[in-house]
Each structure stands twice: as structure tokens, then as C-alpha cells.
Amino acid sequence: MISLMQSFRIRGGVHPDPKKTATTDLSIASDFPLPKKLYIPLQQHVGKPAEPVVRVGDYVYKGQLLAHSQGMISAPVHAPSSGVVTDIADYPAPHPSALPIRTVFMETDGKDAWQLLQTHTDPFALSAEEISLRVGAAGVVGMGGATFPAAVKLNLGRKNKISTLLINGGECEPYLTCDDRLMQESADGIIDGIRIMLHGMETPQAIVGIEDNKPAAFRAMKNAAADYRQIEVRQVPTHYPMGWDRQLIRYLTGKEVPADGRATDVGVLMHNVATAYAIHKAIRHNRPLVDRVVTIAGGAAGSPGNIWVPIGTLISELLDYCRVNRTRMARLVMGGPMMGDALPIAELPVVKATSGILALTQDEITRGSEQACIRCARCISACPAGLLPVDMANRIRSNQLESAVDIGLKDCISCGSCSYVCPSNIPLVHYFKYAAGELAARQQAQHKTEQTKKLIDERNKRIERIEKQKAEEAARELAAKVAKYTADQAEQVI
Ligand code: SF4
Ligand code: SF4
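**Q** Explanation requested: the overall build of the protein in the structure shown.
**A** The number of helices and strands found in the protein is 14 helices and 16 strands. Oriented by its inertia axes, the alpha-carbon framework of the protein measures out at about 115 × 65 × 55 Å. Counting the 494 residues in the protein, one finds 48% classified as buried. For the protein, contacts bridging at least 24 residues in sequence account for 73% of all contacts bridging at least 6. Seen as two clouds, the 56 positive and the 52 negative side-chain charges of the protein have centres 2 Å apart.

**Q** Just checking my understanding: could you explain the packing of helix H2 (residues 128–137) against helix H3 (residues 150–159) for this structure?
**A** Between two packed helices, the angle of one axis relative to the other and the distance separating the axes together describe the packing. Here H2 crosses H3 at 160°, and the two axes come no closer than 7 Å. Overall, the two elements H2 and H3 adopt an arrangement that is roughly antiparallel. Between H2 and H3 lies a crossing whose hand is left-handed. For the pair H2 and H3, contact is made by Ala128, Glu129, Ile131, Ser132, Val135 and Gly136 and by Ala150, Ala151, Leu154, Asn155 and Arg158, respectively. Here the contact of H2 with H3 is built from residues that sort into 6 nonpolar, 3 polar and 2 charged.

**Q** Teacher, can you tell me more about the nonpolar core here?
**A** One recurring pattern in soluble globular proteins: nonpolar side chains tend to sit buried together. Core analysis: the biggest nonpolar cluster contains 47 residues, and Val135, Ile190, Ile194 and Met221 have the highest contact counts within it. Among the secondary structure elements, those contributing two or more residues to this core are H2, H3, strand S8 (164–169), helix H4 (178–201), strand S9 (205–211), helix H5 (215–225), strand S10 (231–236) and helix H7 (273–285). Counting residues per element, this core draws most heavily on H4, at 11 residues. Beyond its immediate sequence surroundings of up to four residues, isoleucine 190 is in contact with Leu182, Met183, Met221, Val273, Ala276 and Tyr277. Residues Ile296, Ile315, Val324 and Ala346 belong to the second largest nonpolar core, which totals 24 residues.

So, how was this worked out
- Starting afresh in each chain, residues are numbered from 1 along the sequence in its written order.
- Just so you know, chain letters begin at A and ligand numbers begin at 1, following the order they were written in.
- It should be noted that, the model being predicted, local features are given only for residues of pLDDT at least 70 and side-chain atom pairs only at 80 or more, the latter also being counted only at that level, while totals for whole chains, interfaces and linings use all residues.
- By convention in this description, side-chain values take in all heavy atoms of the structure and omit both hydrogens and water.
- Runs of E in the DSSP output that reach at least two residues are strands. Runs of H or I that reach at least four are helices, and both are numbered from the N terminus.
- Per-residue accessibility, obtained with a 1.4 Å probe over protein chains only, is compared with the maximum for each type, and a residue is labelled buried under 20%, exposed over 50%, and partly exposed between these values.
- We call two residues in contact whenever any of their non-hydrogen atoms come within 4.5 Å of each other.
- The charge count includes Lys and Arg as positive and Asp and Glu as negative, but it does not include His or the ends of the chains.
- Charge placement uses NZ in Lys and CZ in Arg. For Asp and Glu, CG and CD serve respectively.
- The angle between two axes is taken between their N-to-C directions and runs from 0 to 180 degrees, where each axis is a line fitted to C-alpha atoms and a helix contributes only its stretch in contact.
- Any angle from 65 to 115 degrees is called roughly perpendicular, while one under 35 is roughly parallel, one over 145 is roughly antiparallel, and all others are oblique.
- For a crossing to be left-handed, the near helix must be turned anticlockwise from the far one by less than a right angle; the clockwise case is right-handed.
- Ten residue types, Ala, Val, Leu, Ile, Met, Phe, Trp, Tyr, Cys and Pro, are classed as nonpolar, four, Asp, Glu, Lys and Arg, as charged, and the remainder, Gly among them, as polar.
- In this text, buried Ala, Val, Leu, Ile, Met, Phe, Trp, Tyr and Cys residues form a nonpolar core when linked through side-chain atoms within 4.5 Å.

Fair warning: the whole summary comes from geometry, so function is off the table for now.
Here it is, written out as C-alpha cells:
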């Protein structure tokens, strides 16, 4: 057990107005009316999309498998309620591009009837492998936004002999309070999930980091962990982006993840509190991940709050439930205001990664007009990744993307701290997001060109092979004819 109660240096970061008071004291609502239609995307995680196992017209129970995982990094998708599958087709994804992805459409029957559930009173009697198999089958992914399949992470933990499991209860993004409320209301379940994860990773200890602006959550978690010496609950300063794994690892353990390495390189793995709770439900109650707590906030929300929402619910229904004034809403954001995605429309589904929906007014998003850089270097001091935002932006502006990569563009986590502190209102993070997207598109185009070239080469080789076979066949036939003719001639002479 580390238990040094020692804290290490925080690098960079900012202190945005937390704006959490509107929802932090409200209990999580569980009376959100079940939507008549659900839109369940088959890719809600990092990795390959899930493959449907149901057909149009099938009746499904809540929790029943809709699509199974494919390949090493993937997660299955389950029915968030009972009803009938009405279609499996493309539907816009909750992403700034709203590009369509394969989606299962369901019409709910209002019964919300669960499939038969088996409970496991003693998960610690299960082997570590069995734990990760069951977590994988329940479709649990990282719920802090990363959406990496949780079972893959548990296996990684076991294989890499992880010494410390870090649990992120930071919730450093402004407005969001879904994790705060979950810790206040379900601390026992979260601690149980952490114990199951420790068992599933064969890891000796866990440290939970909670920002010091969540005293009620800290007390609840501390009480729930009191009987478990292997779990330490610690307060961390309210500081953005404290939820970034490298920042939390450095602060709580003093370990520095190498620039081109991973947390596992220093014997640490991080999960979010909501993921721990989902694992508790998956293992103790056999409940797959079919719903989540979503914070609905922002100046245009008449009744902001935290709500248990079935996956696949249209965001527009949540906006109506929270009495969002659409004429006041100037921007719709999924996630927090610093790292979240602006959505073009509200008819997009809630997915496993949807921690928050923000209906922001013009006042909340207005920045001063962009001015010339005054070389104040504030963006450099604010960068938690130790980058040079102003230099990267200048290179991107002059279309030298590779040169921006040379000075660290790929290490940028798009946290927005640099933009936040810039007195000239230069939207630095927008440059980095644009450059990352452009580089990915170029890489994809290059991959496509290479694949096309490979296919053309293969086709040419195939044609060559067939022509050669034909020529050989013709030569054989000719040789046979000549041999026959010669034999016939010889017979006639005799
Ligand atoms: S957005 Fe990127 S460059 Fe800007 S502060 Fe965050 S990590 Fe640094
Ligand atoms: S914070 Fe803004 S003005 Fe200051 S150096 Fe960075 S880009 Fe220039």
C-alpha cells in the first residue's frame, strides 16, 4: 500500500469557473419517461463495431444481447429496454460530423422487462479471467469519455502486473456532476466495483482521487472504503485537467508516464468511478451496460439535473424533459465545455460515453474577438503536456502540419487549457483539432491509395498468372497434337 499521503507537482492546467452548483445537490432522477423509440449505435467504444445478432421484427428483453463484440478490442451492445427491433440501418452518430453509423432501432413496449438475471453473491469466488470475461460480455466501457472496453483494460492490468489501480473521481470539467452524484448516492456499489476490478486484475491496491470541490462525495466514498485497507480515498486539488490520467498518476503516485509510453509502463492503470459502478452491476447483478447517469445543464436548461438515461435515447427528449429553451440555446455540447463535442442537431442518441449534455446560451460561449498574439507565453505555462501551443498553432496556420507534429502535436490531449488562458482569444485548440483531423484524413487517404495500388498489383499478377496458365495449357495442347500427329505419321509409314 502506498499510503504516503504525499502529493506531487501538478503540471500546467487552469481553473475554469466550475459551474456545478445547479446540479451538485440534486439527487439523480430515475423517473425519466421511457422513450417510445431507441436508437442504439453499434459502435460506442474504441475498436471494432459490434455485429448484430438480432433481426428486424425480433422481440427483445431489456439487457438482451443486440450485437456481439468483434475482434480483440470491441464491446457488445444490449437492449436498453424491452420491445421490438424495427430496423438496423445507418443513423447519425452523436459527433460534430453527425456522420451515419450502423444503428439498431427499437420500439419499446413500455414494460421495461428484464431478461432473466442470475446474480453472483460472491464474485471473489470467480477467477480473474472469469471476471474479465463477464465484464466484457456486459459491454462495459470506460465511462469517463475514453470508451475503451473495460475487459481489455482488466486483461492488460493482469498481464502487465499492475501495482496500483487509480480511480478517477476528479470530474474536472465544468458543469458535469454525474460522477459526483453517483459517488454521493452509490459509493458502496462503486467501492464493490473497485474491489472486483482489483480481483480481476490481480492488483494489490487502489487509490481513488476526488477533487476537493466535492466534499460530500469524498465523505461517502471514504466511509464506503473504510473496511477495505487496499483502497485509499484521497482528495486532489480542483484543477483542470486533473482527470487526465498522466496528471492524476503524477499527483497521486509521483510516477511520470514516459512521453511515448503508457500508464502501464509505470505499473498503473486508471478507471473512472462510473466504470467501477457499471462493473459492480455487471458482476453482482448480471446487468449489462444499458443506461447511464447524464448531467443536463447550461444556461438554457430550465430544470438542469442528473438523470438515469437508457442508452439510445434521443438527446432532444432529454432537452424537453429538462425544459431547455431552444431559442436561448446557442450551442449544444456533449460532454464538458472544455473537451466536449458541439453537436449540430439534437436528434442524436445518448451513448455509453455521454456524461453530459449542455445547452449553452450565447453569453456562455461568447469570447472576445481574436487578436494578434502578444507572445505572453501563458499558453505554454497552461499546457499540462508541456507543449508549445503558440508555435504549434503558427506552424498549422502556415500549413506545416508535419512540422507541428515534430514539436509534439500528437501529444496534445485537446484539453483547451491554452485557449482558455489566451488573452488574445486565439482558438488554439481548434487549430490542434483541425490538424489532428487533417492528419488522420491524409493518413486514411494514403492508406486507401496503398490499398488500391495493392489491389491493382494483385489483379495484374492474377491476370498474368491466368495468361501464363493459358499459354502453358495451349503449349501442352499443341505438344500433344504434334506428338499425336507424329505418332499417326509413324503408323502410316509402318
Ligand atoms: S489543448 Fe493541447 S496544447 Fe493546448 S493546453 Fe491542452 S494539451 Fe496543451
Ligand atoms: S497565450 Fe495567446 S497571446 Fe499569449 S503567447 Fe499564447 S497564443 Fe500568444
